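An overview of the molecular structure
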Amino acid sequence: MTNDELKQALFNKRPVIHNKPPLGEIEYKCVSAIIYRVNKEGKLDISAELTDICGHSVSTADPAQLRYKEK
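The notes below deal with the structure included here. Model, not experiment: these values are computed from the prediction.

On the surface, Tyr36, Val38 and Leu44 cluster together to form a nonpolar patch covering roughly 340 Å² of accessible area. Residue position: valine 38 is located in strand E3 (residues 30-38). For valine 38, a relative accessible area of 64% gives the class exposed.

Okay, here's the thing in structure tokens:
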């Protein structure tokens, strides 16, 4: 997902798929937050916080590895 798509996903709460090699594709309930961090080189790193299907835990992911779940 691009940054604009990630922001849109945060607001619309649609299910997303995280393509996480070597585990494969993992479905999540939604993007629950966008995390901004400054790395060692002084550049901005962006991560997506993902809520699991049950809503009991969250994981972080590289937005480039995310896509919407097909309807």
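Next comes the rest of the write-up.
What follows concerns the nonpolar core. Counting 12 residues, the largest nonpolar core is built from Met1, Leu6, Ala9, Val16, Tyr28, Val31, Ile34, Ala48, Leu50, Ala61, Leu66 and Tyr68. Contributing elements (two or more residues each) for this core: helix H1 (3-12), E3, strand E4 (44-51) and strand E6 (66-68). Not counting residues up to four positions away in its chain, the partners in contact with alanine 48 are Leu6, Val31, Ala33, Ser59, Thr60, Ala61, Pro63 and Leu66.

If you walk through the whole model with that rule in mind, you get two salt bridges. With a shortest N-O distance of 2.9 Å, glutamate 25 and arginine 67 are connected by a salt bridge. Here the residue glutamate 25 occupies a position in strand E2 (residues 24-28), and arginine 67 occupies one in strand E6, the gap between them amounting to 42 residues. Residue arginine 67 is classed as partly exposed on the basis of its relative accessible area, which comes to 33%. Of the charged contacts, one joins lysine 69 and glutamate 27 as a salt bridge, the two residues approaching to 3.1 Å between their closest N and O atoms. Here lysine 69 is found in the segment after E6, whereas its partner glutamate 27 is found in strand E2, with 42 residues between them in sequence. Its relative accessible area of 34% is what places lysine 69 among the partly exposed residues. A relative accessible area of 32% means that glutamate 27 is categorised as partly exposed.

This paragraph deals with the packing of aromatic side chains. Enumeration over the complete set of coordinates arrives at zero aromatic pairs. The cationic tip of arginine 14 hangs over the ring face of tyrosine 68; the distance from NZ or CZ to the ring centre is 3.8 Å.

On to the pairing of strand E5 (residues 58-61), then. Bridge count for E4 against E5 is four bridges, and the pairing is antiparallel. When the sheet's bridge partners are listed, glutamate 49 is paired in E5 with threonine 60.

Scoring rules and cut-offs
Residues numbered from 1 in each chain as written. Predicted model: local features only at pLDDT ≥ 70, side-chain atom pairs only at ≥ 80, totals over all residues. Heavy atoms only, no water. Patch = residues over 30% accessible without salt bridge, like charges linked within 9 Å, V, L, I, M, F, W, Y side chains within 5 Å. Areas by Shrake-Rupley, 256 points an atom, 1.4 Å probe, with all protein chains shown as cover. Salt bridge = Lys/Arg side-chain N within 4 Å of Asp/Glu carboxyl O. Helix = DSSP H or I, 4+ residues; strand = E, 2+ residues; numbered from the N terminus. Buried < 20%, exposed > 50% of the residue type's maximum accessible area, 1.4 Å probe, protein only. Core = buried A, V, L, I, M, F, W, Y, C linked by side-chain atoms within 4.5 Å. Contact = heavy atoms within 4.5 Å. Phe/Tyr/Trp six-rings, centres within 6.5 Å; stacked < 30°, edge-to-face > 60°. Lys NZ or Arg CZ within 6 Å of the ring centre and 35° of its normal. Pairing = 2+ DSSP bridges.

Interpretation in functional terms is not warranted from these geometric data alone.
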